[in-house]
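Here is how the chains run, residue by residue.
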Amino acid sequence: MKMGKVNEPQSFGYLYKLLGIPELQYYGSNNPIFIKHQKNDFKADTGCSPDSCAITKEGKISFGMEFKNPSGDTHWDYLTEITDQESLKAVCKDFYTQVQFSMDCTGADLWLWCSYNEYFPEKHKALIIECTPDNEFMGELNERILKAIEKKYELIEEMKNKS
């Protein structure tokens, strides 16, 4: 993970040039953002921290990006096992959840999951998977989040009562 964070600016630069979208902004270690969830039930308790977003002139997030900068072996596994949103979900459920939750937080209808390794030949340096909202998945996740928020406040109340 440490090297993934170190290599994020390089992967953003590569993908920025590849995609050619001037509205893309990088929100890495020197420019991080935290976006509170757009739903009232979640606003005080949850949010996302995207690696990159395309921001419209109106200030709306049109789409976002999540970068992964894995080792060569892991990047090769991704290249051979992940071909679309469903295979991302099957192979890397944590990353799939991260991408889905980022869309849910921001209201964006598109999020790109990207694996990048600079040491691969040009045609294999980057794997970009387009993800769109999975409403059934997010409905189940949102139910679990609401239960976790309720439990959090129950525990806080218990702690206050013990004092």
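Refer to the preceding data block for the structure.
First, a word on scope: everything that follows refers to the structure included in this document. Treat the numbers as computed from the prediction; the structure is a model and nothing was measured.

What counts, and where the lines are drawn
Residues numbered from 1 in each chain as written. Predicted model: local features only at pLDDT ≥ 70, side-chain atom pairs only at ≥ 80, totals over all residues. Heavy atoms only, no water. Axes fitted to C-alpha atoms, helices over the stretch in contact; angles between N-to-C directions. Helix = DSSP H or I, 4+ residues; strand = E, 2+ residues; numbered from the N terminus. Parallel < 35°, antiparallel > 145°, perpendicular 65-115°, else oblique. Contact = heavy atoms within 4.5 Å. Nonpolar A, V, L, I, M, F, W, Y, C, P; charged D, E, K, R; others polar. Pairing = 2+ DSSP bridges. Phe/Tyr/Trp six-rings, centres within 6.5 Å; stacked < 30°, edge-to-face > 60°. Buried < 20%, exposed > 50% of the residue type's maximum accessible area, 1.4 Å probe, protein only. Core = buried A, V, L, I, M, F, W, Y, C linked by side-chain atoms within 4.5 Å. Polar contact = N/O pair within 3.5 Å; in protein donor to acceptor, adjacent residues only side chain to side chain. Salt bridge = Lys/Arg side-chain N within 4 Å of Asp/Glu carboxyl O.

**Details of the packing of helix α4 (residues 93-106) against helix α5 (residues 135-162)**
Step number 1: The contact between α4 and α5 brings their axes to 11 Å, and the two run at 85 degrees. In terms of their interaxial angle, α4 and α5 are classed as roughly perpendicular. Within the contact between the two elements, α4 uses Lys93, Tyr96, Thr97, Gln100, Phe101 and Asp104 and α5 uses Phe137, Met138, Leu141, Asn142 and Ile145.
Step number 2: Grouping the constituent residues of the contact of α4 with α5 by class yields six nonpolar, three polar and two charged.

**Some details on the sheet that holds strand β1 (residues 24-26)**
Step number 1: If you trace the five strands from one edge of the open sheet to the other, you get β1-β4-β5-β6-β7, paired in mixed fashion. On the outer flanks of this sheet lie β1 and β7 (126-131), each paired with one strand and no other. Taking the axes of each pair of neighbouring strands and ignoring which way they run, one obtains an average angle of 25 degrees across the sheet.
Step number 2: Contacting β5 (61-68), β6 (111-116) and β7, α4 runs over the sheet at an angle of about 145 degrees to β6.

**Some details on the packing of aromatic side chains**
Step number 1: Evaluated as defined, the whole model comprises eight aromatic pairs.
Step number 2: Both rings, one in Phe12 and one in Phe67, keep their centres 6.1 Å apart while their planes meet at 65 degrees; by these two values the pair is edge-to-face. Of the two residues, Phe12 sits in helix α1 (residues 2-19) while Phe67 sits in strand β5, which places them 55 residues apart along the sequence. Note on accessibility: Phe12 and Phe67 belong to one class, buried.
Step number 3: Of the aromatic side chains, those joined through ring pairs into one cluster are Phe12, Tyr16, Tyr26 and Phe67.

**What about the nonpolar core?**
Step number 1: Counting residues in each nonpolar core, the largest one holds 28 residues, and the members touching the most others are Ile82, Leu88, Trp111, Trp113 and Leu127.
Step number 2: Setting aside residues up to four positions removed in sequence, Trp113 forms contacts with Glu66, Lys68, Tyr78, Ile82, Leu88, Phe95, Val99, Leu127, Ile128 and Ile129.

**Re the side chain of Asn117**
Step number 1: By the element assignment, Asn117 lies in the loop between β6 and β7.
Step number 2: Overall, Asn117 belongs to the buried group, its relative accessible area being 6%.
Step number 3: Polar contacts involving the side chain of Asn117 include one to the main-chain amide nitrogen of Tyr119, which spans 2.9 Å.
Step number 4: The contact partners of Asn117, leaving out residues within four places of it in the chain, are Pro70, Ser71, Gly72, His75 and Lys125.

**Thoughts on the side chain of Asp104**
Step number 1: Within the element layout of this structure, Asp104 appears in helix α4.
Step number 2: Residue classification places Asp104 among the buried positions, given a relative accessible area of 14%.
Step number 3: Discounting residues that sit within four places of it in the chain, Asp104 has contacts with His37, Gln38, Lys39, Met138 and Asn142.

**Considering the pattern of salt bridges**
Step number 1: Counted under the stated rule, the structure contains four salt bridges.
Step number 2: With its nearest N and O atoms 3.2 Å apart, the salt bridge here joins Glu66 to Lys68.
Step number 3: Between Lys89 and Asp134 there is a salt bridge, and its shortest N-O distance comes to 3.4 Å. Placement of the pair is Lys89 in helix α3 (residues 85-91) and Asp134 in the loop between β7 and α5, with a sequence separation of 45 residues.
Step number 4: We classify Asp134 as buried; its relative accessible area is 14%.

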